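Per-entry structural report
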Amino acid sequence: MNFRPSAILDELVDRWLSKVAVLVAVYVTFRGHNAPGGGFAGGLVVGGVFVLQFLTGREPHIRHRPIRRPTLLLGFGLLVALVTTVIPLVVDASPLESHIWKLNVPFIGEVKVVSSMFFDLGVFFVVVAVVLMVLLSLGARGESLVGDDGVGAS
Amino acid sequence: MTALLTLPVLGPLVAAALCLVFRRLNVQRAISFASLTVAAGCAVAVFVNVWGDGEVRVARMGGWPGSFAITFVADRLSAVMLLVALAAVTLVLIYAIGQRAPDERSSFYHPVYMVMSAGIAQALLAGDLFNLFVAFEILLMASYVLLTLEGTNEQIRAGTTYVVLNILESLVLLVAIGLVFAATGTVNMAELPERLAELPDGVRTSLHLFLLIAFGIKAAVFPLFFWLPDSYPTAPSSVSAVFAGLLTKIGVYCMIRTQTLLFPGEASDLIVVVGILTMVIGIIGAVSHQNMKRILSFHIISQIGYMVFGLGIGGEAAIAATVFFLVHQIPVKTSLFLVEGIVSRDQGSSSLKEVSGLARRSPWLAVLFLLPALSLAGLPPFPGFLAKFSLVRAGLDAEHYVGVAIAITVSLFTLVSMVKIWVAAFWGEAKPSSVGQPDAVATVGLLRHHRLMATSTAVMVVGIVMLAVVAGPFFQFVTDAALQLLDPASYVSAVRSS
C-alpha cells in the first residue's frame, strides 16, 4: 500500500475515534440481552474502526498486532459460540438454552449475567474476524492473506 | 433425543471452528473425521429409533415453546436421508484425505467441508421453512468455496454461474418464505398445513409455485437445470461427488416435503410433466457427451426426473418408490463420481477419448464402476431396478402410460451411455498410469496406488449391494415412510404434542 497518510484523519481516527468506538462496541455488546445491540452490532462497530484505519490510507494495524491471523479469531469466536450452544446438552437442557446468574458485585450491586452472553461474545469475534478477512483479502495486499493460509497457490 | 437430533448439525460446526483454530493438516483431518463419525453415529441412532416405532422425533432449541423455537424434526424420511447423507459425507471425506488433491491440502478445505455437512444435516432436519432457508444458505456458502478452492480459471468461470444461479434460488426461496409468512403468520411446518388450507386458491397456488421454483433450481429440474452440468465437472472429484450425491437430492427432499406436507397433491400434473422433461433432457445430454464427469453430471439430471415424476404421480406406491429412488441414488451417484476421481487421478484425465483399458489394469476398479452403473441403469438385481420397477408399476396403476413409456426408454439410454463409458474407458489397450511407476501397465495394481480412495469407494458400493440384499425390509420401511408422508395430520399432531 503506497497511499500517502493523511495526517489529520490519521490522528483523529487512531488517537480518538478508535478508542471511543471500542468503548461503544463493548457497551453495545453487553447491553444486547434486553436492548438493541449485541455481539453482531458490537463486532460491526469494531470492524468499522478497522475500515476507518484502512480508509485513512494505511494498512490496518492488525498485521503487527495480536490478531495477525483473522482465521484464528474466526475459529475462536465460532468455538465460543458453539460451546455455549452445546453445553446445555451436558446438563440435560436443550441447546442454546440460557442460564441466568445473579451476582453481587461490590460497589455496583446486583449484576445479571446470562449464559447467552458468551454466545454473543463469540458472534462479536466472528464479525470482527470476517471484517478483517474482507479487508485483508480485498483491501490491502490480497496475497498476504492468501499466502498465509496456503490457498490459491496454483 | 434432543442430543441425537442436534449433534449431527452441531458436531460438524464445532469441528469447523476447531479446524479454523488448528491449521496442521493432520490435526484437521482427525477433527473432521471424528466429528463426522459422531454425527453419523447419531444419525444411526435416530434411524434405529424411528425404524422401531415410526414416531416423529422432535427437538427444540433454546427451551422455547412451540413454534418460537428452532425445531428439528425427524420422521421416517428425514431419518433415512440423514443416515445415508452423513454416511456418504463421511466416506467422501476419507476418500478426499486419500486423494490428497491440492484443494484438500488447503487449510480452508476441512472447515468448509464441515460447515457443508452441518448444512446438509440441518436441511434434512429443519422443522420450519426459515430454518430450512438458513440450512440452504449454510450449505450453499460452503459449496461456493469448495467449488472454487483451487482457483483455476475454469473453476472461477463455472463457479460464477453456480453462485449467481444459487443466489437467485436463495432469493426466490426467501421471497417465498416471506410471502408464506405474510399470508399465514407462521413458517413452522407443523402449523402451515392448516393455515395454508384456509387461503384462497390463487394465493395458495402462487406460494406453491414460488417454493417449487426455488427447490426446483436446487434439484436441477427442467428448465432450471443448466447450471449443473456446467459447474459440477470443474470441481475436484471428491467435491463433485458430494454435490452430485447430495445437494440436488436435498432439493428433491424439499420438493417431497412441499408436495406432501404443505400442498398435498396439488399441481401434480405440472410436476409429472416437469419430471418427464427432466428425464429426457438429462439423458440427451448424457448420450451426447464424451467426458466421464459430464456424462455423469447429465445423469444426475435425468435421475432427478424419475423422482420428480414419481412425486407427481402421488399416492402411496409412487411416493414409496420415489423415496426408495432418492435414498438409493445417493450412494450410486456418489460412488460413480468417486470412481471417476480414481480414474482421472490415475490417468490424468477422464475424457473417454484419452482413457482406455482400465479393466485390464484393474478388474476391481471395473467392478466398482460396473455395480453402481448397472444400478443406475436399473438392471436387476440391483436396488436401482427395484426403484424403477416400483415407480413404473405405480405409474401404470395411475394410468400415466406416456410417462412410463418415456421412463423406460430413458432407462434404456442410461444403460447405453453407461456402456459407452464402459467400452471406452474399461476395454481396449491399457495405458500407463500418470502416478506411481512408469511401467505400471501391469495387469494389477492400479488401486494399489490409491488404497484409501478405493476402500471408501468400495464401502459405498458394498452399501448399494446391501440395499439390494435387505430390499424387502427396506421397501417395507419406505412404504411406511410414504404412508407417514401422506398423512400430514400425524406429522402436525406429533410435532405439536411433543
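Anything mentioned here points back to the structure above.
Residues numbered from 1 in each chain as written. Chains lettered and ligands numbered in written order. Predicted model: local features only at pLDDT ≥ 70, side-chain atom pairs only at ≥ 80, totals over all residues. Heavy atoms only, no water.

Focus on the overall build of chain A
Note the threshold: By the criteria applied, helices consist of DSSP H or I runs no shorter than four residues and strands consist of E runs no shorter than two, each listed in order from the N terminus. Burial status follows relative accessibility: with a 1.4 Å probe on protein chains alone, a residue under 20% of its type maximum counts as buried, one over 50% as exposed, and anything between as partly exposed. Only heavy atoms enter the contact rule, under which two residues are in contact if any of them lie within 4.5 Å.
Scanning chain A from N- to C-terminus turns up five helices and two strands. Burial status across chain A gives 38% buried among its 154 residues. Counting only contacts in chain A whose residues sit at least 6 apart along the sequence, the fraction spanning at least 24 positions is 62%.

Overview of the overall build of chain B
The cut-off we apply is this: To measure how exposed things are, a 1.4 Å probe is used in the Shrake-Rupley method; for residues, cover is taken only from the protein chains shown. A residue counts as positive if it is Lys or Arg and as negative if it is Asp or Glu; His and the chain ends are not included. In plain terms, the charge of a residue is placed at NZ if it is Lys, CZ if Arg, CG if Asp and CD if Glu.
Looking only at helices and strands, one finds 20 helices and two strands in chain B. Along the longest, intermediate and shortest principal axes, the C-alpha atoms of chain B span 70 × 55 × 45 Å. Within chain B, the proportion of its 498 residues that are buried is 62%. Once local pairs closer than 6 in sequence are excluded, the contacts in chain B between residues at least 24 apart make up 80%. When the accessible surface of chain B is split by element, carbon and sulfur atoms take 69% of a total near 16800 Å². Positive and negative side-chain charges in chain B, numbering 28 and 27 respectively, have mean positions lying 12 Å apart.

A word on helix H16 (residues 383–397) of chain B
All names here are of chain B. Applied cut-off: A helix's residues, less one, multiplied by 1.5 Å, set its expected span.
The end-to-end C-alpha distance of H16, which contains 15 residues, comes to 21 Å, matching closely the 21 Å that a straight helix rising 1.5 Å per residue would cover. Restricting attention to buried positions, one finds in H16 the residues Pro-383, Gly-384, Ala-387, Lys-388, Ser-390, Leu-391, Val-392, Ala-394 and Gly-395. Next to the buried residues of H16 lie helix H12 (292–313), helix H13 (316–347), helix H15 (363–377), helix H17 (401–426), helix H18 (451–469) and helix H19 (471–485). The first or second residue beyond H16 is Glu-399, which carries a positive phi of 65 degrees.

Remarks on the packing of H12 of chain B against H13 of chain B
Residue and element names in this part refer to chain B. Operational definition: The axes are straight lines fitted to the C-alpha atoms, using for helices just the contacting stretch, and the angles between their N-to-C directions are given from 0 to 180°. Each angle gets one of four labels, with under 35 degrees taken as roughly parallel, over 145 as roughly antiparallel, 65 to 115 as roughly perpendicular, and the rest as oblique. Throughout, the ten residues Ala, Val, Leu, Ile, Met, Phe, Trp, Tyr, Cys and Pro are labelled nonpolar, Asp, Glu, Lys and Arg are labelled charged, and all others, Gly among them, are labelled polar.
Two elements in contact, H12 and H13, have axes whose closest approach is 9 Å; the angle formed by their N-to-C orientations is 175 degrees. In terms of orientation, H12 and H13 fall into the roughly antiparallel class. On H13, the residues that touch Met-292, Lys-293, Leu-296, Ser-297, His-299, Ile-300, Gln-303, Tyr-306, Met-307, Gly-310, Leu-311 and Ile-313 of H12 are Ala-318, Ile-319, Thr-322, Phe-325, Leu-326, Gln-329, Lys-333, Leu-336, Phe-337, Glu-340 and Val-343. Residues belonging to the contact of H12 with H13 are distributed by class as follows: 14 nonpolar, six polar and three charged.

Comments concerning a nonpolar patch on the surface
All names here are of chain A. Condition: Here, patches come from residues exposed beyond 30% relative accessible area and free of salt bridges, joined within 9 Å for like charges and within 5 Å for nonpolar side chains (Val, Leu, Ile, Met, Phe, Trp, Tyr). The rule for a salt bridge is simple: a side-chain nitrogen of Lys or Arg has to be within 4 Å of a carboxyl oxygen of Asp or Glu.
On the surface, Trp-101, Leu-103, Val-105, Phe-107, Ile-108 and Phe-118 cluster together to form a nonpolar patch covering roughly 690 Å² of accessible area. No other element matches strand E1 (residues 100–105), which puts three residues into the nonpolar patch. Topologically, Trp-101 is positioned in strand E1.

Section: the packing of helix H10 (residues 237–262) of chain B against H13 of chain B
Residue and element names in this part refer to chain B. Close contact between H10 and H13 brings their axes to 7 Å; oriented N to C, the two are set at 170 degrees. Taken together, the axes of H10 and H13 are roughly antiparallel relative to one another. Across the interface between the two elements, Ser-237, Ser-240, Ala-241, Ala-244, Gly-245, Leu-246, Lys-249, Val-252, Tyr-253, Ile-256 and Thr-260 of H10 pack against Ile-319, Thr-322, Leu-326, Gln-329, Ile-330, Lys-333, Thr-334, Phe-337, Leu-338, Glu-340, Gly-341 and Ser-344 of H13.

With respect to the environment of Thr-29 of chain A
Residue and element names in this part refer to chain A. Assignment of secondary structure puts Thr-29 in helix H1 (residues 7–30). Note on Thr-29: relative accessible area 5%, which makes it buried. A sequence separation of ten residues divides Thr-29 from Gly-39, and the C-alpha atoms of the two residues are 4.8 Å apart. Discounting chain neighbours no more than four positions away, the residues touching Thr-29 are Gly-38, Gly-39, Gly-42, Asp-120, Leu-121 and Phe-124.

Focus: the pattern of salt bridges
Residue and element names in this part refer to chain B. Going through the model one piece at a time under the given rule, you end up with eight salt bridges over all chains. Across the pair Glu-266 and Arg-204 runs a salt bridge, and its minimum N-O distance is 1.8 Å. Taken together, the residues Glu-266 in the loop between H10 and helix H11 (268–288) and Arg-204 in helix H8 (residues 201–219) connect sequence positions 62 residues apart. Given the relative accessible area of 9%, Arg-204 is considered buried. The network of salt bridges with common partners includes Glu-154, Arg-157 and Asp-230.

With respect to the nonpolar core
All names here are of chain B. The test is simple: Residue types Ala, Val, Leu, Ile, Met, Phe, Trp, Tyr and Cys, when buried and joined through side-chain atoms within 4.5 Å, form a set referred to as a nonpolar core.
Core analysis: the biggest nonpolar cluster contains 194 residues, and Tyr-113, Ile-120, Phe-369 and Phe-426 have the highest contact counts within it. A per-element tally of this core places H13 first, with 17 residues. If we skip the residues at most four places from it in the chain, Phe-369 touches Met-292, Leu-336, Val-339, Met-418, Ile-421, Trp-422 and Phe-426.

Some details on the packing of aromatic side chains
Centre distance and the angle of the planes are the two values used to describe a pair of aromatic rings. Residue and element names in this part refer to chain B. For clarity, the cut-off: Here a pair means two rings of Phe, Tyr or Trp (six-membered ring of Trp) with centres within 6.5 Å. Their orientation is stacked below 30 degrees between planes, edge-to-face above 60, and tilted elsewhere. Lysine and arginine charges are scored as sitting over a ring when NZ or CZ, respectively, is within 6 Å of the ring centre and within 35 degrees of the ring normal.
Within the structure shown, the criterion is met by 23 aromatic pairs over all chains. Relative to Trp-422, the ring of Phe-369 has its centre 6.5 Å away and its plane inclined at 10 degrees; by these criteria the two rings are stacked. One end of the pair, Phe-369, is in helix H15; the other, Trp-422, is in helix H17, and 53 residues separate them in sequence. The exposure class assigned to Phe-369 is buried, which follows from its relative accessible area of 0%. A network of ring pairs unites the aromatic residues Phe-47, Trp-51, Phe-324, Phe-474, Phe-475 and Phe-477 as a single cluster. Stacked on the ring of Tyr-306, the Lys or Arg Lys-388 has its end atom at 4.7 Å from the ring centre.

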